Amino acid sequence: MNETVTIRLAKQAMKFSAAHFTIFSASERERLHGHNFRVEVDIEAHMLGNGMCFDYGIYKDTVIALCRELNEWMILPTRSPYLQIEEQGEHVIAVFNGQRIPFLRADVLLLPIENVTLEEFAAHFLTRLTADRDELRQHRIRAIEVRVFSGPGQSAGRRLRVDP
Ligand SMILES: Nc1nc2c(c(=O)[nH]1)N=C([C@H](O)[C@H](O)COP(=O)(O)OP(=O)(O)OP(=O)(O)O)CN2
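The rules behind the values
- Along each chain, numbering runs from 1 in the same order as the chain's sequence is written.
- Whole-chain, interface and lining totals are the exception, using all residues; otherwise, since this is a predicted model, local features are given only for residues with pLDDT of at least 70 and side-chain atom pairs are given and counted only at 80 or more.
- Each side-chain value is derived from all of the structure's non-hydrogen atoms; neither hydrogens nor water enter the calculation.
- UniProt positions are given in the numbering used here, feature names are shortened, and annotations may be inferred rather than shown by experiment.
- Lines are fitted to the C-alpha atoms to define the axes, a helix being fitted only along its stretch in contact, and any angle between axes, read from their N-to-C directions, falls within 0 to 180 degrees.
- Helix and strand assignments come from DSSP, with helices taken as H or I runs of at least 4 residues and strands as E runs of at least 2, each series counted from the N terminus.
- Comment on the angle field: the value is read as roughly parallel under 35 degrees, roughly antiparallel over 145, roughly perpendicular from 65 to 115, and oblique elsewhere.
- In a left-handed crossing the near helix is turned counterclockwise from the far helix by less than a right angle, and in a right-handed crossing that turn is clockwise.
- Residues count as neighbours in contact if any of their non-hydrogen atoms are within 4.5 Å of one another.
- Put simply, a residue is near a molecule or strand once any heavy atom of it comes within 4 Å of that molecule or strand.
- Under this definition, polar contacts are N or O atom pairs within 3.5 Å; protein pairs additionally need one hydrogen-donor-capable and one acceptor-capable atom, and for neighbouring residues in sequence, both atoms have to be side-chain atoms.
- Each accessible area value is a Shrake-Rupley result obtained with a 1.4 Å probe; residue values ignore everything except the protein chains displayed when judging cover.
- In the scheme used here, Gly and all other residues not listed as nonpolar or charged are polar, with Ala, Val, Leu, Ile, Met, Phe, Trp, Tyr, Cys and Pro taken as nonpolar and Asp, Glu, Lys and Arg as charged.
- What counts as a ring pair is set by centres within 6.5 Å for rings of Phe, Tyr and Trp (its six-membered ring), and what kind of pair is set by the plane angle: stacked under 30 degrees, edge-to-face over 60, tilted for all other angles.
- For each residue, the accessible area found with a 1.4 Å probe, counting protein chains only, is set against the maximum for its type, and the residue is called buried under 20%, exposed over 50%, and partly exposed in between.
- Lysine NZ or arginine CZ positioned within 6 Å of the ring centre and within 35 degrees of the ring normal marks a charge as sitting over the ring.
- A cavity, in this analysis, means grid points on a 1 Å lattice covering only the protein atoms where a 1.4 Å probe fits yet has no way out; a pocket is instead an open set bounded by protein on both sides within 12 Å along at least five of seven lines, and a residue lines either one if it has an atom within 4 Å of a point.
- Grid points are joined across faces, edges and corners, and a volume is the space filled by probe spheres set on the points.

Going by an unreviewed UniProt entry, the protein carries the name 6-carboxy-5,6,7,8-tetrahydropterin synthase and comes from Thermomonas beijingensis. Taken directly from UniProt, the Cofactor (unreviewed entry) text for the protein runs: "Zn(2+)". In its Pathway (unreviewed entry) section, the UniProt entry covering the protein states "Purine metabolism; 7-cyano-7-deazaguanine biosynthesis."

What follows is the structure, given as structure tokens:
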């Protein structure tokens, strides 16, 4: 059974609201703002007989849980070449181009990404969804693509092919 199928997961619950600013260079960034982000996942897999591939409910729950992890935070990147992050008591200070931008620690989520962009969010979800390679092989998954939207008509997709 070598035929493949693509499962698309784009449930209403695959969303998160977050604040951020995109950094364009060592001296240029956006002002602080937020979005209602949406996530869609395409999973290409082999059919397993019985008229189906793997049970996609597993990944539906995982994507929704990952969205909840990112929901209602001010998100800062820990791997930016242009932003330093200092933690001082109850505050997190984002240091950018000589500016010191304070946030309450309780409002901040530090993510191991280079920039808070659609591309990096897509990579974050993809990394988490493909962490267990044995599970992917067990489900005979060939590739996963994650697409993150910052609003209608604006998204970035990242794709990973899984070695058989
Ligand atoms: N390659 C990328 N470029 C930009 C990104 C990104 O993630 N990757 N992100 C931004 C901004 O953060 C984002 O676009 C700002 O939102 P903006 O588009 O201005 O506002 P809306 O989402 O509300 O869209 P409208 O066109 O204003 O309706 C910029 N570049």
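Now, onward.
Student: Any details on the packing of helix α1 (residues 57–70) against helix α2 (residues 118–129)? Residues and values, ideally.
Tutor: Interhelical geometry of α1 versus α2 gives an angle of 135° and a closest axis separation of 11 Å. If you check the angle between α1 and α2, you find them oblique. The handedness of the crossing between α1 and α2 comes out as right-handed. Contacts between α1 and α2 involve Y59, T62, V63, L66, C67, E69 and L70 from the first element and F121, H124, F125, R128 and L129 from the second.

Student: Outline the site of the ligand, listing residues and values.
Tutor: Taken together, H20, T22, F24, E30, H33, H35, T117, L118, E119, S150 and Q154 make up the full set of residues adjacent to the ligand. Take E30: an N or O atom from its side chain is 2.8 Å from an oxygen atom of the ligand. Here an oxygen atom of the ligand sits 2.8 Å away from a polar atom, N or O, in the main chain of L118. For the ligand, the accessible surface in isolation is 610 Å², of which the surrounding protein chains cover 47%. A class-by-class count of the residues in the shell around the ligand yields two nonpolar, seven polar and two charged.

Student: I'd love a proper account of the packing of aromatic side chains, names of residues and values included.
Tutor: Overall, the coordinates contain five aromatic pairs when judged by the stated rule. Seen from their ring centres, F16 and F121 are 5.2 Å apart, and the 80° between their planes marks the pair as edge-to-face. With F16 in strand β2 (residues 15–20) and F121 in helix α2, the pair connects residues that are 105 residues apart, well separated along the chain. Of the two residues, F16 and F121, neither departs from the other in class, the shared state being buried. Here R29 stacks its cationic end above the ring of F21, 4.7 Å away from the centre of that ring. Taking NZ or CZ as reference, R38 lies 4.4 Å from the ring centre of F149, over its face.

Student: Account for the layout of surface pockets, naming residues and giving values.
Tutor: What the largest pocket holds in volume is close to 240 Å³. Residue lining of the largest pocket: 13 residues in total, with R79, P112, I113, H124 and T127 positioned closest to the centre. Looking at the lining of the largest pocket, the elements that each hand over two or more residues are α1, β8 (108–111) and α2. The dominant element in the lining of the largest pocket, judged by the number of residues it contributes, is α2, at five residues.

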